[in-house]
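Each chain, letter by letter, is given below.
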Amino acid sequence: MNPVEFWFEFASTYSYPTSQRIESIARAAGVELAWRPLLLGPIFKAQGWNDSPFNIYPAKGRYMWRDLERLCDELGLPFRRPSQFPRNGLVAARVACAFDAEPWLPEFVRRVYRANFAEDRDIADPRVVAAILEAVGQPASQLDAAGAPETKAKLRAQMERAEALGLFGAPSFTVGDELFWGNDRLEAAIAWAVR
């Protein structure tokens, strides 16, 4: 059985509900899960955008915020529209990339998303990321890995792989070379891995 790779960006609105539910869904299906942080900025830039499409197209943005509010309500997730959008998730993405095989990573990812989309905390602030590390039982000094050359190179290589796989947004899921995009395609990706 192929693992499901979960490609996420900490500023991605629909990645928030996905991050909160993917682990239990994958576990129930007996599917291995790989957490793959990425940065949408370079992907959007390649598409000719200098901002989130939800900011570029106001009607789409208004719909997305209301849809996300409904979705979070349906899932019982706390939601508070961030006072700044999108927020820069680079530091958190580098931490997630550096520690992608650690058992505490899924909880770290979930808490970064909650900080951004439920608590309106600035996830670009290294102090916020350090506090989240401590909340998952890790020393704040783990934040040092975010600036390490090998972490930066690893995230760049991961971005190159994401582009090669054809990723254009988040959340995305890959099962081998098969691509699924969007929170609403999570179950389809899990089912594909099981078949």
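The coordinates are above.
The sections below set out a description of the structure shown in this document.

### Topic: unusual backbone geometry
Phi is mostly negative for residues that are not glycine, and the peptide bonds are mostly trans.
Stage number 1. Put simply, Phe 85 and Pro 86 share a cis peptide bond, and its omega is -5°.
Stage number 2. Looking at the secondary structure, you find Pro 86 in the loop between helix H4 (58-75) and helix H5 (90-98).
Stage number 3. In this structure, the amide linkage connecting Ala 170 to the following residue, Pro 171, adopts the cis form with an omega of 5°.

### Quick look at the sheet that holds strand E2 (residues 33-37)
Stage number 1. One open sheet holds the four strands; their spatial order is E2-E1-E3-E4, and the pairing between them is mixed. Each edge of the open sheet carries a strand with a single partner, namely E2 and strand E4 (178-181). Each strand of the sheet is rotated relative to its neighbour by a mean of 20°, with strand direction disregarded.
Stage number 2. Relative to strand E3 (residues 172-175), strand E1 (residues 4-8) runs antiparallel, the two being bridged by three bridges. Across the sheet, the residue bridging to Trp 7 is Ser 172, located in E3.
Stage number 3. Against the sheet, helix H1 (residues 15-29) engages E1, E2 and E3, with an angle of about 160° to E2.

### Describing the pattern of salt bridges
Stage number 1. As enumerated under the stated definition, the model contains 16 salt bridges in all.
Stage number 2. A salt bridge links Arg 27 to Glu 23; its shortest N-O distance comes to 3.8 Å. Here Glu 23 and Arg 27 lie together in helix H1, a separation of four residues that amounts to about one turn.
Stage number 3. The exposure class assigned to Glu 23 is partly exposed, which follows from its relative accessible area of 23%.
Stage number 4. Several salt bridges share partner residues, and in doing so they unite Glu 23, Arg 27, Glu 107, Arg 110, Arg 111 and Arg 114 into one network.

### Let's talk about the side chain of Arg 110
Stage number 1. Note that Arg 110 resides in helix H6 (residues 105-117).
Stage number 2. For Arg 110, a relative accessible area of 13% translates into the label buried.
Stage number 3. Not counting the four nearest positions on each side in its chain, Arg 110 is found in contact with Ser 19, Gln 20, Glu 23 and Trp 35.

What counts, and where the lines are drawn
- Residues numbered from 1 in each chain as written.
- Predicted model: local features only at pLDDT ≥ 70, side-chain atom pairs only at ≥ 80, totals over all residues.
- Heavy atoms only, no water.
- Helix = DSSP H or I, 4+ residues; strand = E, 2+ residues; numbered from the N terminus.
- Pairing = 2+ DSSP bridges.
- Axes fitted to C-alpha atoms, helices over the stretch in contact; angles between N-to-C directions.
- Contact = heavy atoms within 4.5 Å.
- Salt bridge = Lys/Arg side-chain N within 4 Å of Asp/Glu carboxyl O.
- Buried < 20%, exposed > 50% of the residue type's maximum accessible area, 1.4 Å probe, protein only.

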